[in-house]
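Chains, contacts and geometry: an overview
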Amino acid sequence: MCSPWAVVAMEERAELVTTLGDEELIAEIARLKREKNAVILAHYYQYSEIQDLADFIGDSLELSRRAQETTADVIVFCGVHFMAETAKILNPSKRVLIPDVNAGCSLAESAPAEEYRRVREELRQQYPNHVAITYINCSAEVKALSDIICTSSNAERIIRSVPDDVPILFAPDRNLGKYLQRKTGRPMILWNGTCIVHQSFSIRRIEEQLAEHPDAELIAHPECEDVVLERADFIGSTSALLRYVATSPRQTFIVATEPGIIHQMEKAAPSKRLIAALPEQEGCRCSECPYMKLNTLEKLYRCLLTGEPEVRLDPDLIERARRPLERMLELSKP
Ligand code: 13P
Ligand code: SF4
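Okay, so let's go over this structure.

**Comments concerning the state of the cysteines**
Under the counting rule described, the total for this entry stands at one disulfide. Cysteine C78 is unpaired, with the sulfur of C303 as its nearest cysteine sulfur at 6.8 Å.

**Some words on the layout of surface pockets**
What the largest pocket holds in volume is close to 190 Å³. Together, 16 residues line the largest pocket, and S152, S153, Y179, I235 and G236 are the ones closest to its centre. Secondary structure elements with two or more residues in the lining of the largest pocket: helix 9 (155-160), helix 10 (174-184), strand 10 (234-235) and helix 13 (238-247). The dominant element in the lining of the largest pocket, judged by the number of residues it contributes, is helix 10, at four residues. A per-class count over the lining of the largest pocket returns eight nonpolar, five polar and three charged.

**Examining the site of ligand 2**
Around ligand 2, the neighbouring residues are Y45, V80, C105, S106, L107, N137, C195, V197, E223, C289, Y291 and M292. Of the pockets mapped on this structure, ligand 2 occupies the largest cavity. Each residue belonging to the shell around ligand 2 can be placed in one class, and the counts come to nine nonpolar, two polar and one charged.

**Thoughts on the pattern of salt bridges**
Throughout the structure, instances matching the rule amount to 28 salt bridges. Among the salt bridges present, the one from E156 reaches K183, with a minimum N-O distance of 3.1 Å. Pair noted here: E156 is in helix 9 and K183 is in helix 10, with a separation of 27 residues, a long-range link. Residues E208 and R204 are paired through a salt bridge, measuring 3.0 Å at the closest nitrogen-oxygen approach. Placement of both E208 and R204 in helix 11 (residues 203-212) is noted, with a separation of four residues, approximately one turn of the helix. Assessed through its relative accessible area of 44%, R204 is described here as partly exposed. Within the structure, one salt-bridge network assembled from shared partners comprises E28, R31, E35 and K36.

**Re the packing of aromatic side chains**
Tallying each qualifying case throughout the model produces three aromatic pairs. Residues Y116 and W191 carry aromatic rings whose centres are separated by 5.6 Å and whose planes lie at 45 degrees to one another, so their mutual orientation is tilted. Note that Y116 is positioned in helix 7 (residues 113-126) and W191 in the loop between strand 8 (189-190) and helix 11, a separation of 75 residues in sequence. The same class applies to Y116 as to W191, namely buried. With 6.3 Å between their ring centres and 85 degrees between their planes, Y244 and F253 make a pair best called edge-to-face. Given a relative accessible area of 0%, F253 falls into the buried group. Sitting above the plane of the Y47 ring, K293 keeps its charged end 5.5 Å from the centroid.

Rules behind the numbers
Residues numbered from 1 in each chain as written. Chains lettered and ligands numbered in written order. Predicted model: local features only at pLDDT ≥ 70, side-chain atom pairs only at ≥ 80, totals over all residues. Heavy atoms only, no water. Disulfide = S-S within 2.5 Å. 1 Å grid on protein atoms, 1.4 Å probe; cavity = no way out; pocket = protein on both sides within 12 Å on 5 of 7 lines; lining within 4 Å. Points joined across faces, edges and corners; volume = space filled by probe spheres on them. Helix = DSSP H or I, 4+ residues; strand = E, 2+ residues; numbered from the N terminus. Nonpolar A, V, L, I, M, F, W, Y, C, P; charged D, E, K, R; others polar. Near = heavy atom within 4 Å. Sits in = over half its atoms within 2 Å of the grid points. Salt bridge = Lys/Arg side-chain N within 4 Å of Asp/Glu carboxyl O. Buried < 20%, exposed > 50% of the residue type's maximum accessible area, 1.4 Å probe, protein only. Phe/Tyr/Trp six-rings, centres within 6.5 Å; stacked < 30°, edge-to-face > 60°. Lys NZ or Arg CZ within 6 Å of the ring centre and 35° of its normal.

Written as structure tokens, this is what we have:
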């Protein structure tokens, strides 16, 4: 049978260079989604209009589970590249598309596979029994070199599953690593990576915001620096922050994570006041993830129309990267 991507008519391709309005794009995306039997998975940091047409929105763990379970032929991953790669690793028979293939992640970039391999080899000399727990924000190659993957929502549980006398290498987020050390009392060998977005929040300006809104609670993602986390009333993954806002009796929240999530918070708790935490520099948009924001409605439409960019991974790499991901899913069963 002819692939549905091969039969895209020339007129339709020509349409790629014309400008459709948002409403037409949304209608076309819905049509193409049905035609290709595609599912759209989106992270909370995507533009609101993308979140609004997604079949599922979630944090990294929930999105991984959805990708693994889907029966659709095509997964369109509106998120960053490591998330789309994870979808491919967990469900390799599906075609996985990402609207912009350049949607990277500063944490994933901080751990190049060759450097990670070298560090692990050196550590094996010193601590032959060490375990490498790696945050999901890393490349498929680094996943394949790790023992267990974790996300911000299951990292504590996964660390506690490792016997006390076994040394742990935790990569690549040093802020999340430090937070987990404080939480579990477990010393770990930490990689020195950071998220450029969460690193940008300024405790000085957050203190000003809290002074201006004395009833507000500060809620933060664990990728933030420890000065912000130490001041926070609640720390959690994006989904945990969303649940907290929806269920807390408080009315006002200073939100120290990427502001894309405020869209779902407003939907879940329309009467509550949600204030984006500020970065140091006035007027700077550095708390917006420049990678997540590469995906646009138009690029989403184009990728559904053409079947590109597609995430392609070597079958051997898929096999090796799947084991530490499956260990994570096994260890984080409800
Ligand atoms: P979550 O898994 O909490 O959604 O975090 C993903 C991420 O990239 C945060 O910067
Ligand atoms: Fe990576 Fe930070 Fe963007 Fe999350 S917010 S995808 S950790 S750069």
